[in-house]
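Here is how the chains run, residue by residue.
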Amino acid sequence: MSKHGIMVAVDGSAESDAAVRWAAREAVMREADVTLVHVVAPVVVTWPVGYLRSSFAESQEENAQQAIEQAQKIFQAEVGDAKLPGLKARVVHDYVAPGLVSASRQAEMIVAGSRGLGAISGSVLGSISRTLLHHAHCPVAVVHANETVAADPTLPVLVGIDGSPASESATALAFEEASRRGVDLVALHAWSDVGITPVLGMDWHEYEDLGNEVLAERLAGWQEQYPDVHIRRRIVCDRPARWLVDESQHSALVVLGSRGRGGFAGMLLGSVSTAVAEAAKCPVLVVRS
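Residues numbered from 1 in each chain as written. Predicted model: local features only at pLDDT ≥ 70, side-chain atom pairs only at ≥ 80, totals over all residues. Heavy atoms only, no water.

*Asks:* Outline the packing of helix H7 (residues 240-248) against helix H8 (residues 271-279), listing residues and values.
*Replies:* With their axes 9 Å apart at the nearest point, H7 and H8 run at an angle of 30° to one another. Looking at the two axes, H7 sits roughly parallel to H8. Considering only the axes of H7 and H8, their crossing is right-handed. Between H7 and H8, the residues in contact are Pro-240, Ala-241, Leu-244 and Val-245 and Val-272, Ala-275, Val-276 and Ala-279, respectively. Split by residue class, the contact of H7 with H8 holds eight nonpolar, no polar and no charged. (Axes fitted to C-alpha atoms, helices over the stretch in contact; angles between N-to-C directions. Helix = DSSP H or I, 4+ residues; strand = E, 2+ residues; numbered from the N terminus. Parallel < 35°, antiparallel > 145°, perpendicular 65-115°, else oblique. Left-handed = near helix turned anticlockwise from the far one by under 90°. Contact = heavy atoms within 4.5 Å. Nonpolar A, V, L, I, M, F, W, Y, C, P; charged D, E, K, R; others polar.)

Below you can see the structure in the form of structure tokens.
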């Protein structure tokens, strides 16, 4: 199945609106078509009362139409007079998470708000965005509600590198994103990813040299492919999630792999990716291996 364009999950929440705005700016930059997707979940009524089911189903369809229309208005306001290949809308009848995961098969990227209307109060990352990060068939962008305006166009793209296959995929996409934006690429490598904990008396300079060797090896081929991208290397000896979240305050986008070297075989999303998607100060793009 060929993939095309950007898909945005919409539900009328503030996070969904922010996701639409961000996707609109991405679409202009990429000259990509966009599909707005709203999922209508099946009606489950335990009472043998048919009219309740019918009435609730009608309400769901009305809500779906309102969510789509709201997203279309936000999208058009954001793109202005820019010419795009197209804007489409889809209403999918399925359970929300499986419906979006299935729809992601047809997208080059799916964009979701960090939480939706069904998010539990106090939850930083909603169940839908978390499920997409685990199971989507394309890169997943998570956008928080405070992403309401375009970021400084000079801010760099930030990528976390740990040497894993997922990290390699993230590095490839990060170079592409930095080149497309015409900005620097900040490549961050944390020694704690490979099980080294800072201890009193350790020779930090030795580890720093080894970290630079790792980055040089991982970046060399991509730097040749994207000579226009200026790289800033960061070596840290601490928990990578903390540093990535801190650096996200000065970044346009954080790009991460779906799991790192510390992930268990059955764990599809690493703890670093989860933590950063929850707390980052800019959109986070997670690349599935």
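*Asks:* Provide a residue-level description of the side chain of Glu-26, including the pertinent values.
*Replies:* Position of Glu-26 among the secondary structure elements: in helix H1 (residues 14-30). For Glu-26, the residues in contact, after removing those within four places along its chain, are Ile-6, Glu-177 and Arg-181.

*Asks:* Any chance you could break down the packing of aromatic side chains for me, citing the residues and the numbers?
*Replies:* Per the counting criterion, the structure on display carries one aromatic pair. Taken together, a centroid distance of 5.9 Å and an interplanar angle of 25° make the contact between Phe-175 and Tyr-226 stacked. Highlighted residues: Phe-175 in helix H5 (residues 165-181) and Tyr-226 in the loop between helix H6 (204-225) and strand S8 (231-236), separated in sequence by 51 residues. By relative accessible area, which is 0% here, Phe-175 ends up buried. Residue classification places Tyr-226 among the buried positions, given a relative accessible area of 15%. (Phe/Tyr/Trp six-rings, centres within 6.5 Å; stacked < 30°, edge-to-face > 60°. Buried < 20%, exposed > 50% of the residue type's maximum accessible area, 1.4 Å probe, protein only.)

*Asks:* Give me unusual backbone geometry: which residues, what numbers.
*Replies:* For Glu-31, which is not a glycine, the phi torsion comes out positive at approximately 55°. Along the chain, the position of Glu-31 falls in the loop between H1 and strand S2 (34-40). In this structure Glu-31 comes out as exposed when scored by relative accessible area, which is 62%.

*Asks:* Can you tell me about the sheet that holds strand S1 (residues 6-9), naming the residues and giving the values?
*Replies:* Across the sheet, which stays open at both edges, the ten strands sit in the order S3-S2-S1-S4-S5-S10-S9-S6-S7-S8 with mixed pairing between neighbours. If you trace the sheet from one side to the other, it starts and ends with strand S3 (87-93) and S8, each paired once. Strand after strand, the sheet turns through a mean of 25° between neighbouring axes, direction not considered. Inspection of the sheet shows S1 paired to strand S4 (residues 109-113) by three bridges, in the parallel sense. Paired with Val-8 across the strands is Val-111, a residue of S4. (Pairing = 2+ DSSP bridges.)

*Asks:* Tell me what's going on with the pattern of salt bridges, and back it up with residues and numbers.
*Replies:* By the definition in use, this model includes eleven salt bridges. Arg-30 is the partner of Glu-177 in a salt bridge, and the nearest nitrogen-oxygen pair spans 2.5 Å. Of this pair, Glu-177 sits in helix H5 while Arg-30 is found in helix H1, placing the two residues 147 residues apart along the sequence. According to the relative accessible area criterion, Glu-177 is buried, its value standing at 0%. Among the residues examined, Arg-30 registers a relative accessible area of 22% and is labelled partly exposed. Residues Glu-278 and Arg-130 are paired through a salt bridge, measuring 2.7 Å at the closest nitrogen-oxygen approach. Residue Glu-278 is located in helix H8, and its partner Arg-130 is located in helix H4 (residues 127-135); the two are separated by 148 residues in the primary sequence. The exposure class assigned to Arg-130 is partly exposed, which follows from its relative accessible area of 30%. (Salt bridge = Lys/Arg side-chain N within 4 Å of Asp/Glu carboxyl O.)

*Asks:* Now, about the pairing of strand S7 (residues 185-190): what can you tell me, with residues and values included?
*Replies:* With six of six residues buried, S7 lies mostly within the body of the structure. Covered by surrounding structure in S7 are Leu-185, Ala-187 and His-189 together with Val-186, Leu-188 and Ala-190, the residues of both alternating faces. Here four bridges tie strand S6 (residues 157-160) to S7, and the two strands are oriented parallel to one another. By the bridge assignment for S7, Leu-158 is matched with Val-186. At this point the chain moves from S6, through H5, to the parallel S7, and the crossover so formed is right-handed. Where S7 lies against S8, six bridges are found, and the strand directions are parallel. Residue Val-186 lies in a different strand from S8, and its bridge partner there is Arg-232. (Right-handed = clockwise from strand over helix to strand, strands pointing away.)

Any link to function would need more than the numbers given here.
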